[in-house]
Amino acid sequence: MDDDQSTPGQYSVAEALKCMSGDNVSGHVVSNEECASLAAELAQRRVKDFIPHNTLAGHIAPLAIKCEQMGKELHVLLLGCNTIKAVPALKKAIPANAQGVVTLLCTSEVWPSDCSTMLWCLYGALARTKDLNSFRADTRSLLGTYTDHYQRQSIEDTSRQELKITDSLANAVHCDRLSNIRTEDGGHAVMQLL
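For the structure given in this document, a descriptive report is provided here. (Residues numbered from 1 in each chain as written. Predicted model: local features only at pLDDT ≥ 70, side-chain atom pairs only at ≥ 80, totals over all residues. Heavy atoms only, no water.)

**Here we look at the overall build of the protein**
Next up, step 1: Of regular secondary structure, the protein possesses 8 helices and 5 strands.
Next up, step 2: Its helices and strands taken in sequence order, the protein reads α-α-α-β-α-α-β-α-α-α-β-β-β from the N to the C terminus.
Next up, step 3: In the protein, which comprises 194 residues, the proportion classed as buried is 36%.
Next up, step 4: The contacts of the protein with a sequence gap of at least 6 include a subset with a gap of at least 24, amounting to 66%.
Next up, step 5: Counting only carbon and sulfur atoms, one obtains 52% of the accessible surface of the protein, whose full area is about 12,000 Å². (Helix = DSSP H or I, 4+ residues; strand = E, 2+ residues; numbered from the N terminus. Buried < 20%, exposed > 50% of the residue type's maximum accessible area, 1.4 Å probe, protein only. Contact = heavy atoms within 4.5 Å. Areas by Shrake-Rupley, 256 points an atom, 1.4 Å probe, with all protein chains shown as cover.)

Structure (structure tokens):
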């Protein structure tokens, strides 16, 4: 990786360091130089593989049916940007009798990629059969706490320009049982916030 050269729309170490020049908060474990190097490397490696919503729903539906037959719950965490757009396809592909055992967590905005892990980091410790209340409350609290830090970041990211969230990042996360979700005439899913 070349530290000084970059093409338009790509980060270089020099550009990342420039963005971080005023970031001298005590408690940093990693130097600005090392962090800038890692950020530039990550920015150069990101790609997206698009999967049609119907394909995704077609792969999840048999699992939902099997979970319903076995009396188990299925929690589906859709962590990318605007994943609420996949919900109507899931609603259509999963039979009504199996929708009651499926809980979906998804986002309704362009989602900050560095926050995606927050949507599942408390899941293993807090999710309980027939009860996601602790998981929902603590994840909402964690996202609310992180929002101020996220909004102060001086990293330039074009996806942040599309972000329409003004309050807590948790206001872009939805969590609901599939049987409770309804779809509007335009095909948009209506579901509870986290």
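The structure having been displayed, the exposition proceeds.
**Observations concerning the nonpolar core**
Next up, step 1: In this structure, Val87, Ile94, Val102 and Leu104 are the most contacted members of the largest nonpolar core, which totals 23 residues.
Next up, step 2: Looking at this core, the elements with two or more residues in it are α3 (53–70), β1 (74–77), α4 (87–93) and β2 (102–107).
Next up, step 3: Here the element with the most residues in this core is α3; it accounts for 5 residues.
Next up, step 4: Apart from the residues lying within four places of it in its own chain, the contact partners of Val102 are Ala64, Leu74, Val76, Ile94, Asp176, Arg177 and Leu178. (Core = buried A, V, L, I, M, F, W, Y, C linked by side-chain atoms within 4.5 Å.)

**Details of α3**
Next up, step 1: When the terminal C-alpha atoms of α3 are compared, their 26 Å separation across 18 residues agrees well with the 26 Å that a helix rising 1.5 Å per residue should span.
Next up, step 2: Helix geometry: α3 is bent most strongly at Ile60, by close to 25°, with proline Pro62 lying one to four residues after it.
Next up, step 3: For α3, the full list of buried residues reads Ala57, Ile60, Ala61, Ala64 and Cys67.
Next up, step 4: Looking at the packing, one finds that the buried side of α3 touches β1, α4, α5 (96–99) and β2.
Next up, step 5: One or two positions beyond α3, positive phi appears at Gly71, with a value near 75°. (Expected span 1.5 Å × (residues − 1). Bend = angle between axes of the 7 residues up to and from the residue.)

**Some remarks on empty space enclosed by the protein**
Next up, step 1: Following the criterion strictly, the structure yields 1 cavity of 30 Å³ or more and no others.
Next up, step 2: Computed from the structure, the largest cavity encloses a volume of approximately 30 Å³.
Next up, step 3: Surrounding the largest cavity, His75, Val76, Leu77, Thr103, Leu104, Leu105, Tyr123, Leu132, Phe135 and Cys175 form its lining.
Next up, step 4: For the lining of the largest cavity, the elements supplying multiple residues, two or more each, are β1 and β2.
Next up, step 5: Each residue belonging to the lining of the largest cavity can be placed in one class, and the counts come to 8 nonpolar, 2 polar and no charged. (1 Å grid on protein atoms, 1.4 Å probe; cavity = no way out; pocket = protein on both sides within 12 Å on 5 of 7 lines; lining within 4 Å. Points joined across faces, edges and corners; volume = space filled by probe spheres on them. Nonpolar A, V, L, I, M, F, W, Y, C, P; charged D, E, K, R; others polar.)

**Focus: the sheet that holds β2**
Next up, step 1: With respect to topology, 3 strands assemble into an open sheet ordered β1-β2-β3, the strand pairing being mixed. Of all the strands in the sheet, the pair left with one neighbour each is β1 and β3 (173–177). Between one strand axis and the next, the sheet turns by 10° as a mean value, whatever way the strands run.
Next up, step 2: With 5 bridges joining them, β2 and β3 adopt antiparallel strand pairing. Following the sheet pairing, Cys106 is matched in β3 by His174.
Next up, step 3: Helix-sheet contacts for α3 involve β1 and β2, and the interaxial angle to β1 is about 155°. (Pairing = 2+ DSSP bridges. Axes fitted to C-alpha atoms, helices over the stretch in contact; angles between N-to-C directions.)

**Observations regarding the side chain of Thr139**
Next up, step 1: Within the secondary structure layout, Thr139 lies in helix α7 (residues 133–152).
Next up, step 2: Residue classification places Thr139 among the buried positions, given a relative accessible area of 0%.
Next up, step 3: Of note is the side chain of Thr139, whose polar atom sits 2.7 Å from the backbone oxygen of Phe135.
Next up, step 4: Residue contacts for Thr139: discarding those within four places in its chain leaves Met118, Leu119, Leu122 and Leu194. (Polar contact = N/O pair within 3.5 Å; in protein donor to acceptor, adjacent residues only side chain to side chain.)

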